Amino acid sequence: MTDVKERIAAQLLAVRDRSLAYTAAEDDLLVRQHSPLMSPLVWDLAHVGNYEELWVLRAAAGITPLRPEIDDIYDAFKTPRRDRPSLPFLRPAEARDYIGGVRGRVLDVLDAVDLADPDPLRRDGFVFGLVIQHEHQHDETMLATLQLSGRPGVVRDGALPPGRVPAGPGEVYVPAGEFVMGTGDLPWAYDNERPAHRVELPAYWIDRLPVGNAAYAAFIEDGGYHDPRWWTPEGWRWRQEHGVFAPLFWTRDGGTWWRERFGRTEPVPMDEPVQHVCWYEADAYARWAGKRLPTEAEWEKACGWDAAAGRARRYPWGDQDPTPELANLGHRAARPAPLGAYPGGASPYGAEQMVGDVWEWTSTWFQGYPGFRAFPYREYSEVFFGREYRVLRGGSWAADPAAVRTTFRNWDYPIRRQIFTGFRCARTAAPPERG
C-alpha cells in the first residue's frame, strides 16, 4: 500500500500546485466576478479546501471541524454562482492559509489510513480520489473564468504534435451489437459512471475526428446561423435572443476569423477542433452536415469498447496512463491540438482524439444508469438528472488525466459555451440490403 499512498500524495501535491498557479495573481483579479456564470476565483480556491475538509477530515477521519462557520459560504447548492460575490468569502491570503492547513491534516490522514478498510470512503483511497478529481474540475473551471476575464498570464504554449489528415474515410464504422457501458471496477469512478450494464446498439458511423474550425467556418459561411431549418425551436430562440453568429470568442475582420484566447487576439487555427460552442450550435451543425450528434452510448462504445477482447478499455488506446504522445490533457498547451495529432491514441474502431482537446456534446440527457445508487452524496449527480442537462464526454485540453477516462460523464446546460466544448457527428448505418 506504500506505493499507492505515495501516488496519492503526489497527485494531491500536483493538483494543489495547479490551483495555486491559477490564483497567483493580484487580489483584485481573484475577488472580482468576471461573469455571472462563474464564481470569483478565490471562492473556488477556498471551496476545494472546504470540500476536502468535509470529506477527508470529517467524513472519513472523524476529525473535529476546523472552520464550521464557513460551510454555508462554500456550499455550492446554497448560493448560485451569480450571487457568490456578495458572500463573506475568505480573502486570498486567508484562503491560502486555510487550504494549506487542511492539506497538512489530509496528508496525516493519508499516512495513517488503511486503504483495505471495508468502509467505501476509505477503501482503495476513494475519498482521496474524490477530492483530487474535484479540485482538478475546479481548476478547469478557473481556467474558464480566466478566459472570460480577458487577462493574460495563464497561456502555456507547450509543443503539441503536428496534425495530419488520416488515411481513409472521415468516419469510422461501429457494427451493431452489445457492449458494456459504465464501470463496476474502477476504484475512483463516480457514482454516475456506475453500475456497468449491457447496452445493445444498432450499427452506426461516427466521425473519426472532432469537427474542426475549418468545417465549422463553412457552416457559418453557408448561413448556418441564419437558417432555422438546422436549429431546434429552443435553439433558434436562443440564437435570436442572444444574437449569436459564431463560436464564443470569435470575431470577423474582413475575410479572417479571429479569436480571443487568454488575453490574446489571434487568427482562428483552422486545423484545430472547434471549441466554445454550445449544444444548440453543435446540434445545428450536425443537421446541416446531414448527420446528428452521437448518443452517449454510441460515444462510449466508439471510444473504448474492445470487441475482440470483450471488454471496455480505460482509455481509447488501452489501459496505459495518458502520455503527451497519446492525448492532449493537463494544460500542456492552452488550446486543442491540431486534428489528427494523436494516431497512437485511436480507439479500437479507429476514432481519434476522443479523450483530450475538447469536451464533446452528445444528444443524451443526463440520467442515472439502471441500478444507480448515489454515493457518497446525492448532490454530486442525482439532483442533476432529468431533461435540463446534456451529457459531455472525453475531457478537454484543460482536464487532468486523473479526472478523465472512457466512462467519465460531464454534463451542462445546452446553452453553455464558456467551457472548453466541441463535438463530433454520427449517423445511423443503413441496414444491409437483402439478397
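First, a word on scope: everything that follows refers to the structure included in this document.

The rules behind these values
Residues numbered from 1 in each chain as written. Predicted model: local features only at pLDDT ≥ 70, side-chain atom pairs only at ≥ 80, totals over all residues. Heavy atoms only, no water. Helix = DSSP H or I, 4+ residues; strand = E, 2+ residues; numbered from the N terminus. Rg over C-alpha atoms; globule rule 2.2 N^0.38 Å. Buried < 20%, exposed > 50% of the residue type's maximum accessible area, 1.4 Å probe, protein only. Contact = heavy atoms within 4.5 Å. Areas by Shrake-Rupley, 256 points an atom, 1.4 Å probe, with all protein chains shown as cover. Lys, Arg positive; Asp, Glu negative; His and termini not counted. Charge placed at Lys NZ, Arg CZ, Asp CG, Glu CD. Axes fitted to C-alpha atoms, helices over the stretch in contact; angles between N-to-C directions. Parallel < 35°, antiparallel > 145°, perpendicular 65-115°, else oblique. Nonpolar A, V, L, I, M, F, W, Y, C, P; charged D, E, K, R; others polar. Arc of directions from axis to C-beta.

Turning to the overall build of the chain, a few remarks are in order. Secondary structure summary: the chain contains nine helices and 14 strands in total. Since a compact globule built from 435 residues should have a radius of gyration of about 22 Å, the 22 Å found for the chain is in line with a globular shape. Dimensions of the chain, computed from the C-alpha atoms along their principal axes, are close to 70 × 50 × 40 Å. Counting across all 435 residues of the chain, residues that qualify as buried make up 57%. In the chain, the proportion of contacts linking residues at least 24 apart, taken out of those at least 6 apart, comes to 78%. Total accessible area computed for the chain in this model is approximately 17900 Å², and 52% of it derives from carbon and sulfur atoms. Positive and negative charge centroids in the chain, built from 51 and 61 side chains respectively, lie 3 Å apart.

Moving on, we come to unusual backbone geometry. Backbone torsion omega between R194 and P195 reads -10°, so that peptide bond is classified as cis. Relative to the helices and strands, P195 resides in the loop between β2 (177-181) and β3 (197-201). Looking along the chain, the bond that leaves F375 and enters P376 is cis, with omega of 0°. Note that P376 resides in the loop between β10 (359-365) and β11 (390-393). With a phi angle near 60°, D124 is a residue other than glycine that sits in the positive phi range. D124 gets classed as partly exposed once you look at its relative accessible area, which sits at 41%. Unlike most non-glycine residues, F262 shows phi in positive territory, near 50°. Following the sequence through the fold, F262 ends up in the loop between β6 (256-261) and β7 (264-267). Residue classification places F262 among the buried residues on the basis of a relative accessible area of 1%.

It is worth spelling out the packing of helix α1 (residues 2-22) against helix α4 (residues 92-112) at this point. The interhelical angle for the contact between α1 and α4, taken along N-to-C directions, is 170°, at an axis separation of 10 Å. What the angle tells us is that α1 and α4 run roughly antiparallel. Counted together, K5, I8, A9, L12, L13, V15, R16 and L20 of α1 and R96, I99, G100, R103, V106, L107, L110, D111 and A112 of α4 form the full contact between these two elements. The residue makeup of the contact of α1 with α4, split by class, is 11 nonpolar, one polar and five charged.

Our next topic: helix α6 (residues 213-221). Considered for burial, the residues of α6 that qualify are N213, Y216, A217, F219 and I220. The arc that holds the buried residues of α6, viewed along the axis, is 150°, so those residues lie on one side. Of the surrounding elements, those touching the buried residues of α6 are β5 (250-253), β6 and α8 (279-288). One or two steps after α6, the chain reaches G223, where phi turns positive at roughly 80°.

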